[in-house]
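Observations on chain architecture
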Amino acid sequence: MPKARVEDIRNVAICGHGSSGKTTLSDTILIQEGIATGHHSVDDGSSICDFDPEEKNHKYSIESTLAHFDHKGKRFNWIDTPGRADFVGQTLSALYGVDMAVVVVNAHAGVEVNTRRDFDDAGRLGLGRMILINKMDADNIDFPKLVEDIRDLWGSQCVLLNVPNGHGDDFSAVYSTLNVPDNTAGALMDPAEIHAPLLESIIEVDEEVMERYLEGTPPTEEELSRLIVRSVAEGSLIPIVCAAGKKNIGVEELLDALVLCGLHPFSKPRTAMKDGEEIEIQPDPDGPLIARVFKTRIDPFVQKLSFIRMYSGHLKRDEHIEVSSVRKGLKLGAILEVQTDHTDTIEIAGPGEIIALAKMDDLHTGDVLGDYELPPMDFPTPMVGLAVSPRTRGDETKLSGALHKVVEEDPTFHLDRDNQTKELVVTGMSEMHLKVVQERLARRDKLEVDTKEPKIPLRETIQAACEDSYRHKKQTGGRGQFGEVHIRMMPFPRGTDPEEFCTKSRFPSLKSYHHDEEHNFLWVDSVVGGTIPHNFMPAIEKGFKERLESGVIAGYQVQDVCVEVHFGKFHPVDSSEAAFKTAGRMVFKKAFEKSKPVLLEPIVHLDITVHESHVGDVYSDLSSRGGQVMGADAAGGDLQTVHAEAPLRAMQTYARTLSSMTGGDGSYEMKFSHYQMMPSEVQREIVSKAQMHEEEDED
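The rules we used
Residues numbered from 1 in each chain as written. Predicted model: local features only at pLDDT ≥ 70, side-chain atom pairs only at ≥ 80, totals over all residues. Heavy atoms only, no water. Helix = DSSP H or I, 4+ residues; strand = E, 2+ residues; numbered from the N terminus. Contact = heavy atoms within 4.5 Å. Polar contact = N/O pair within 3.5 Å; in protein donor to acceptor, adjacent residues only side chain to side chain. UniProt positions renumbered as here; feature names shortened; annotations may be inferred. Domains from an automatic or database assignment. Buried area = accessible area lost by both parts, 1.4 Å probe. Salt bridge = Lys/Arg side-chain N within 4 Å of Asp/Glu carboxyl O. Nonpolar A, V, L, I, M, F, W, Y, C, P; charged D, E, K, R; others polar. Expected span 1.5 Å × (residues − 1). Buried < 20%, exposed > 50% of the residue type's maximum accessible area, 1.4 Å probe, protein only. Arc of directions from axis to C-beta.

What about the environment of glutamate 564?
Its location among the elements puts glutamate 564 in strand E32 (residues 561–569). Along the backbone, glutamate 564 and alanine 233 are 331 residues apart, and their C-alpha atoms lie at a distance of 61 Å. With residues near it in sequence (within four places) discarded, glutamate 564 still touches His486, Ile487, Arg488, Phe507, Val524 and Ser526. Within the local environment of glutamate 564, its side chain forms a polar contact with the side chain of serine 526, the two groups lying 2.5 Å apart.

Encoded structure:
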């Protein structure tokens, strides 16, 4: 049977900005709870939670790490997450697997960029939240000002659950604000003054208890223990606790706070969908199976581990289960309990538990076990790309397999073979993200790669309409080749409805039309009188599509074009599909070159968060890149988020520039927005180079 009742499970992710002490605190907890012994340190590469060679080398977390322990009758599944934006996919996947997020604030540095992101993501996913002010043993801490900043940023529901008795070398204990002790010597804020606001945050979720309190009757201990969990679940209370993880001060009180007010797996209702109907999930081990793969890891022995969060039902070895992505279902292998880098086999897993399944190649992150649907897992789109190739000739297949393993593990790492540029392109969250992937390929797969900036996926289109024709005629002694095609070409703006566009007023002899959504290409058949037999029309379309893929002026895909085939000629003996395909390809090229062709480039939307003192630098830099600032918003504290659009070609190395410009404190998110006409001087240079390469190829 499962090791704990659902009510006694605490699934917790600890998250926050890099260097806020999350991993050190996690190591301290595992030692305190008897899971490990001895000295462990991130700095010397001996951390319990940072066990990958890349983590030991860089001295920061790259993967999320699962551990488990028992504390005062509660079963903790504890996930330590990376704090760098480069590895946000690991943090997000962990949040999808838990019920409670401990968001860590560095007492010396204050609320940093990635701390805000993690706090917001936890709220968006409906998790309970607790704020941990860590590193209270540092010097030069203005604790009251830090608490004020937190409340200004995240609201008055952020209330201290305990108060430190000092900072730096003077920090040695925390005082409860719920059960205020008699002696609070050295407290940086008065616990007695915080007690009343804390009580009100707890009991405001129950009108009856609140009314009695206002009439002078305090809540009972039973009411407080019940309502404090409910207040965290509903968000009327976000407890703040204090600690120094490295010195193990306040760590016991952190765990006690999670025992007291941390959410268990069903503190908040959860729903799933089946046959279009929403149902509330019940934590019943004998109920229908509902579980999800929230993380995938491939260990050094190439054993794939699928981390599973259980919601309903149970899992047993050798059972057959349904999976959302597998048509015939799967037979389970070993069920594993994960302790950092170790696993132990267990017999059964039930609601609320977090376990792993080994060597299940058909399972992928986001897959749902059972025949119900859960809301999809959402991750940011990576935009920093590199074209990669194996350093050793003949390793192309090996490289593809190794990169697909990384794709399995990391939802913010993408792999594409660009049909247009013929490059194998990997995209990640940053240059550092991709650098770590290369290190992993070298270590795990013994594979060295060469990289370069990828070619930007430009597009070709036209600005004017024209009419042209092409006759393909070739006589070789036997049966010849003949096909003649007349077309009208015109712009077809993106977003235009094909049916509304294809009117009799525009195409009086319209017979049929076909819309290719991928290229936004519309081709219209208005041939009358049998000047081109109907059986040759598909061949003409094939000729058009070849040009759509290969381009005309610079070798890039064509989009937003309409072509009307309105006339032609054929020969009863010499005409063939091949002849009309060639005629279609060539007439497309002739007309395109006369229709004021232009190159389009991808434009990306940027949200750049920096200290307000760097906003002017950001504006100036974006202007130099051809970007356009759309506005700016306050992001809490002294931070501003600048919203802008810029050409992707100018943003390839932006991560490095922003880090240099802000001393490493800036962050940004980038996503594709739209295609836009390139500046004429840039376009001329690209077209000139393409024509020069084409002439070299012909020679």
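Some words on the UniProt feature "domain: Tr-type G" (unreviewed entry) in the chain
Under the feature "domain: Tr-type G" (unreviewed entry), the UniProt entry names residues 7–270. Secondary structure across residues 7–270 comprises 36% helix and 19% strand; the distance between its end C-alpha atoms is 15 Å.

Focus: the domain arrangement of the chain
Domain annotation for the chain reports domain 1 (6–261), domain 2 (283–369), domain 3 (385–452), domain 4 (460–595) and domain 5 (600–681). One C-alpha centre belongs to domain 1, the other to domain 3; they are set 37 Å apart. In this complex, domain 1 contributes 15 residues to the contact, which on the side of domain 3 involves eleven residues. Between domain 1 and domain 3 the total buried area reaches about 1100 Å² when both faces are included, carbon and sulfur atoms providing 53% of it. Between arginine 440 and glutamate 63 there is a salt bridge, with its nearest N and O atoms 2.8 Å apart. At the level of elements, helix H2 (53–58) and helix H3 (88–96) are the ones that each hand at least two residues to the side of domain 1 that touches domain 3. The greatest single-element share of the side of domain 1 that touches domain 3, amounting to four residues, is contributed by H2. Split into classes, the residues belonging to the side of domain 1 that touches domain 3 amount to six nonpolar, four polar and five charged.

A short note on helix H10 (residues 396–409)
Every α-helical turn comprises 3.6 residues, leaving residues that sit three or four positions apart pointing alike. Over its 14 residues, H10 extends 20 Å from the first C-alpha to the last, a length consistent with the 20 Å expected when each residue adds 1.5 Å. Among the residues making up H10, those that are buried are Leu399, Ala402, Leu403, Lys405, Val406 and Glu409. Take H10 and look down its axis: the buried residues cluster within an arc of 145°, on one side only.

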